[in-house]
Amino acid sequence: MLEGRHIEPVKNAYMAFWEKVTKLTGAQAKRFDRQKLKVTLDAKTKRIMVTTPMLEIHGASSRPNARSKHRYKIFLESQCTIEGVGNAKSPTFVLTRCTVRVLWIEDDVAADKTPKALRGLHFDYAEDDHHPVFHVQVDDHVLKPEGVDVEYNVDVKRHETPRIPTAPMDLCGTVYMILHDHFSSAVLQGWGEECLQAIESMPKLPCKPISDKVKERGRLDCAWWYPQHQHGYPGSGK
């Protein structure tokens, strides 16, 4: 259903979302070059593939209740496949595959020291055999040093980790998790109205795998997993 004319709206949606994140973090989330956002159309399947450039948030602080205070560089990248559903002239963009990779690196080390990679995760949406539909894996090698353009040490050996079922986590959901942990005052009441408008244009995860079970909402939001946001903010759905 998707055509070449849909490439630009998809690009605009990703750019608008990340601009809002940059604003929320006081420019600690670095802007990225539009030309590095890869958005292509598969003429055979009529689907769009998106690969983000490496997204960086520097100087992220520890969680408010953390025992010790540190600063982190956080790197993200995302690959996804999008299809169009609904009205052919103005389709809704829906994710058919989605992977988001995240890496936390020390950001408060001496100039002569090599920082450590502290934790890597990747979130997947895939309806393949032997996968939870929405899941996360711990992977401290999730992003290569040459990819993030930072030399870092990894203390742990690579090993196969379980695919842990999660809430639906696309790029927006993963960024929300990061903001909540490291820039909590920015999302104290959930996404603001400007962010919600930007997110509305982003491709959405299908909620059928869960809505078939719960039959409650038409769209799932990562913010609902945080107790203080269950009532009374615009994105709560209540």
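Cut-off values and rules
The numbering scheme is per chain: residues are counted from 1 as the chain's sequence reads. Where totals are concerned, whole chains, interfaces and linings use all residues; where local detail is concerned, this predicted model gives features only for residues with pLDDT of at least 70, and gives and counts side-chain atom pairs only at 80 or more. With hydrogens and water set aside, each side-chain value is computed from the structure's full complement of heavy atoms. Throughout this description, buried means an accessible area under 20% of the type-specific maximum (1.4 Å probe, protein chains only), exposed means over 50%, and partly exposed covers the range between. Helix numbering and strand numbering both begin at the N terminus, where a helix is a DSSP run of H or I of at least 4 residues and a strand a DSSP run of E of at least 2. When we speak of the arc, we mean the arc of directions from the helix axis to the C-beta atoms. Between two residues, a contact is recorded if the distance between any of their heavy atoms is within 4.5 Å. Each pair of aromatic rings taken from Phe, Tyr and Trp, with Trp reduced to its six-membered ring, is defined by centres within 6.5 Å and is described as stacked if the planes are under 30 degrees apart, edge-to-face if over 60, and tilted in the remaining cases. Two strands pair under a simple rule: DSSP has to find at least two bridges between them. In protein, a polar contact means a hydrogen-donor-capable atom and an acceptor-capable atom, both N or O and within 3.5 Å, with residues adjacent in sequence counting only if both atoms are side-chain atoms; elsewhere, any N or O pair within 3.5 Å suffices.

Lay out helix α4 (residues 193-200) in plain terms, naming residues and giving numbers.
Spacing of three or four residues puts side chains on the same side of an α-helix, whose turn is 3.6 residues. Those residues of α4 that sit buried are Cys-195, Leu-196, Ala-198 and Ile-199. The arc that holds every buried residue of α4, seen down its axis, measures 160°, which confines them to one face. Away from its buried face, by an angle of more than 90 degrees, α4 presents the exposed residues Gln-197 and Glu-200. Residues of α4 that are buried make contact with α1 (7-24) and α3 (171-182).

Which residues make up the packing of aromatic side chains, and what are the values?
Enumeration over the complete set of coordinates arrives at 3 aromatic pairs. Both rings, one in Phe-17 and one in Trp-191, keep their centres 6.1 Å apart while their planes meet at 70°; by these two values the pair is edge-to-face. With a gap of 174 residues between them, Phe-17 in helix α1 and Trp-191 in the loop between α3 and α4 connect regions that are remote in the sequence. The buried category is assigned to Phe-17, whose relative accessible area is 2%. On the basis of an interplanar angle of 55° and a centroid distance of 5.2 Å, the ring pair of Tyr-176 and Trp-191 is categorised as tilted. Linking Tyr-176 in helix α3 with Trp-191 in the loop between α3 and α4, this pair joins segments that are 15 residues apart in sequence. Neither residue differs from the other here; Tyr-176 and Trp-191 are each classed as buried. Within the aromatic cluster, the residues linked to one another by ring pairs are Phe-17, Tyr-176 and Trp-191.

So what about the pairing of strand β4 (residues 71-85)? Which residues, and what values?
Note that strand β2 (residues 47-51) and β4 share 4 bridges and pair antiparallel. Looking across to β4, one finds that Val-50 is bridged to Cys-80. Bridge count for strand β3 (residues 55-61) against β4 is 5 bridges, and the pairing is antiparallel. In the sheet register, Ala-60 faces β4, and the bridge partner there is Tyr-72. In the sheet, β4 pairs with strand β5 (residues 92-106) via 14 bridges, with the strands oriented antiparallel.

So what's going on with the environment of Glu-106? Residues and values would help.
Position of Glu-106 among the secondary structure elements: in strand β5. Between the C-alpha atoms of Glu-106 and Arg-119, which are 13 residues apart in sequence, the distance is 10.0 Å. Beyond its immediate chain neighbours, meaning those up to four positions away, Glu-106 contacts Arg-71, Pro-115, Lys-116 and Leu-118. A polar atom in the side chain of Glu-106 sits 2.7 Å from the backbone nitrogen of Lys-116.

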